[in-house]
Amino acid sequence: ITGGVAFHTWSGVLLRPFDHLADTEMHAEDLWHYRRVGAKGTELTGYPAISVYEEFRYHPKQVIGGSFDWIYEHLGLFSWVVEIWSPMHEAGIRNYKYIDWFRDHPIEDDLKLYRWNVDKLAGVAHIPWRSFEHPQLGRIEIGGWNRFHAFGNPPPAFLEQELARFPKWLLWQALTSPRMELVAAEAEVLGDDHWRVRLVVQNTGWLPSYVSRRALERKVVRGVIAEIALPAGAQLVHGKRREDLGQLEGKWAKHSGVSFWPDYNVTDDRAKIEWVVRGRKGDRIDLVARHERAGTVRAVVALG
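Every chain is numbered independently, its residues counted from 1 as its sequence is written. Side-chain atom pairs in this predicted model are given and counted only at pLDDT of 80 or more, local residue features only at pLDDT of at least 70, and totals for whole chains, interfaces and linings cover all residues. Derived side-chain values reflect all non-hydrogen atoms in the structure, with water molecules and hydrogen atoms excluded from consideration.

Structural notes on unusual backbone geometry
Selection rule: Numbering of helices and strands starts at the N terminus; helices are DSSP runs of H or I of at least 4 residues and strands are runs of E of at least 2.
Residue W10 is reached from T9 by a cis peptide bond, and omega for that bond is 15°. Relative to the elements of secondary structure, W10 occurs in the loop between β1 (3-9) and β2 (13-16). Residue P17 is joined to F18 through a cis peptide bond whose omega torsion reads 5°. By the secondary structure assignment, F18 is in the loop between β2 and α1 (28-45). Phi is positive for D192, close to 55°, though the residue is something other than glycine.

Written out as structure tokens, the structure reads:
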């Protein structure tokens, strides 16, 4: 698992962490990736992408946390909340503040919403006010907006087209995941019955194997684990049967080849391990490299 997206209603917006910290407190590489994913989300869904802390707090002195913030904060996985549906946007209201609008907005916005309700929803989103005899309170008036019908969720006629916005963006995010692949698995004779066995793997994905800098800081993900298994009669002369190769970088934070500052780690998306084995020609050596977020690679090397 390399990320998470939760679907809520409503506001017509893509929300990302933090809930409780400003963008300046986030690791730069993580923020760069969040902004890339958000820009692609806006392109594919039409929803703007924003930070909860920067633009979606209910009160400037309060924090409301959730599982999606925990996914990034504690697991180091990139997480989003999609707030489906915006009747304000449907009614032609633009550039409004998502939370502040509920505290104060011009009456013209209410009129736009009412006209949209009449034109597009046959009036079902607003119940005409009428007198009502309440058993405890006496004569009162009831009516107004049907929040659950037109605000809290897309009306049934709009539901399918609203949800159709998201599959491409979800798949695009999945395709940014780390992906460990086999580069080489080979055996080289050293003389007599000794062989050098080599395994090389590479992360061909966009994200690093650990996914985020937050995950490194939290120390919640271990590196690539490489293992060698020998047939009966063979012997491991040099190297360990199980070795931690560390993390594999991705392309996410690399600068271009024409930039003026150097890259001192141009092959940090690869890892190599070698063993020396005593065995017979024809012996088959099983090799495996696994990473909990980048996948598993298996290979069989025949001596000779």
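What follows continues from the structure just given.
A few points about the sheet that holds strand β3 (residues 49-51)
Sheet strands line up and pair through hydrogen bonds in the backbone, either parallel or antiparallel. The test is simple: Whether two strands pair comes down to DSSP finding at least two bridges between them. Angles shown run from 0 to 180 degrees and are taken between the N-to-C directions of axes, each axis being a line fitted to C-alpha atoms and, for helices, limited to the stretch in contact. Between two residues, a contact is recorded if the distance between any of their heavy atoms is within 4.5 Å.
In spatial order, the strands read β1-β4-β2-β3; together these four strands make up an open sheet with mixed pairing. For this open sheet the edge positions go to β1 and β3, each flanked by a neighbour on one side alone. Averaged over all adjacent pairs, the angle separating strand axes in this sheet is 30°, with direction ignored. Relative to β3, β2 is paired through three bridges, and the arrangement is parallel. By the bridge assignment, L14 is partnered in β3 with A49. Strands in contact with helix α3 (residues 67-75) are β2 and β4 (78-84); relative to β4, the strand with the most contacts, it is inclined by about 165°.

Things to note about the nonpolar core
Here is a general trend for soluble globular proteins: nonpolar side chains tend to be buried in one another's company. Just so we agree on the cut-off: We call a set of buried Ala, Val, Leu, Ile, Met, Phe, Trp, Tyr and Cys residues a nonpolar core when their side-chain atoms join them within 4.5 Å. Type-normalised accessible area, obtained with a 1.4 Å probe on protein chains alone, sets the label of each residue: buried when under 20%, exposed when over 50%, and partly exposed for intermediate values.
Ranked by size, the top nonpolar core spans 44 residues in total, and within it F56 and L113 carry the most contacts. Elements with a contribution of two residues or more to this core: β2, α1, α3, β4 and α6 (107-121). With five residues, β4 is the single largest residue contributor to this core. In contact with F56, not counting residues within four places along its chain, are S11, V13, L15, I50, S51, E83, Y98 and I99. Counting 23 residues, the second-largest nonpolar core is a separate cluster that includes V201, I273, A289 and V297.

Side note on the packing of aromatic side chains
The condition that has to hold: Each Phe, Tyr or Trp ring (for Trp, its six-membered ring) is paired with any other whose centre lies within 6.5 Å, and the angle between the two planes then decides the class: stacked below 30 degrees, edge-to-face above 60, tilted in between. Both a distance and an angle decide whether a charge sits over a ring: NZ of Lys or CZ of Arg must be within 6 Å of the ring centre and within 35 degrees of the ring normal.
Within this structure, the stated rule accounts for 21 aromatic pairs. Consider the rings of Y34 and F78, whose centres lie 5.0 Å apart with planes at 85°: the pair is edge-to-face. Of this pair, Y34 sits in helix α1 while F78 sits in strand β4; the two residues are 44 residues apart in sequence, bridging distant segments of the chain. A relative accessible area of 1% places Y34 in the buried class. Centre to centre, the rings of Y72 and F78 are 6.2 Å apart; their planes meet at 25°, and the pair counts as stacked. An aromatic cluster is built from W10, F56, Y58, Y96, Y98, W101, F102, W145 and F151, whose rings are joined through pairwise contacts. Here the guanidinium or amino end of R57 rests over the ring plane of Y53, the centre of that ring lying 3.8 Å away. Above the ring of F148, the side-chain terminus of R147 is found at 5.4 Å from the ring centroid.

Topic: the packing of α1 against helix α9 (residues 167-174)
Packed helices, taken two at a time, are described by the angle their axes make and the gap between the axes. Counted only if it meets this: Comment on the angle field: the value is read as roughly parallel under 35 degrees, roughly antiparallel over 145, roughly perpendicular from 65 to 115, and oblique elsewhere. It is the rotation of the near helix from the far one that decides the hand of a crossing: anticlockwise by less than a right angle makes it left-handed, clockwise makes it right-handed.
Close contact between α1 and α9 brings their axes to 9 Å; oriented N to C, the two are set at 155°. The angle between α1 and α9 places the two elements in the roughly antiparallel class. Considering only the axes of α1 and α9, their crossing is right-handed. The residues of α9 that touch α1, namely those facing R36, V37, K40, G41, L44 and T45, are K168, W169, W172 and Q173.

So, the sheet that holds strand β7 (residues 180-191)
Here four strands make up an open sheet; going across it, the order is β7-β8-β12-β10 and the pairing antiparallel. The outermost strands of the open sheet, each flanked by one partner alone, are β7 and β10 (235-238). Each adjacent strand pair in this sheet contributes to an overall mean axis angle of 30°, direction not counted. For β7 and strand β8 (residues 194-203), the ladder comprises 10 bridges, and the chain directions are antiparallel. Bridge pairing in β8 places E188 opposite R196.

Re α6
The test is simple: In this analysis, the expected span of each helix is defined as 1.5 Å times one less than the number of residues it contains.
Between its first and last C-alpha atoms α6 spans 20 Å; for 15 residues at 1.5 Å apiece the expected length is 21 Å, and the two agree. Looking one or two residues beyond α6, the residue adopting positive phi is A122, at roughly 55°.

Some thoughts on the environment of V189
Topologically, V189 is positioned in strand β7. A residue is classified by how much of its surface remains accessible, and V189, at 48% relative accessible area, is partly exposed. A C-alpha to C-alpha distance of 41 Å links V189 and A215, two positions 26 residues apart in sequence. In this view, V189 contacts H194 and W195; residues no more than four positions away in its chain are not counted.

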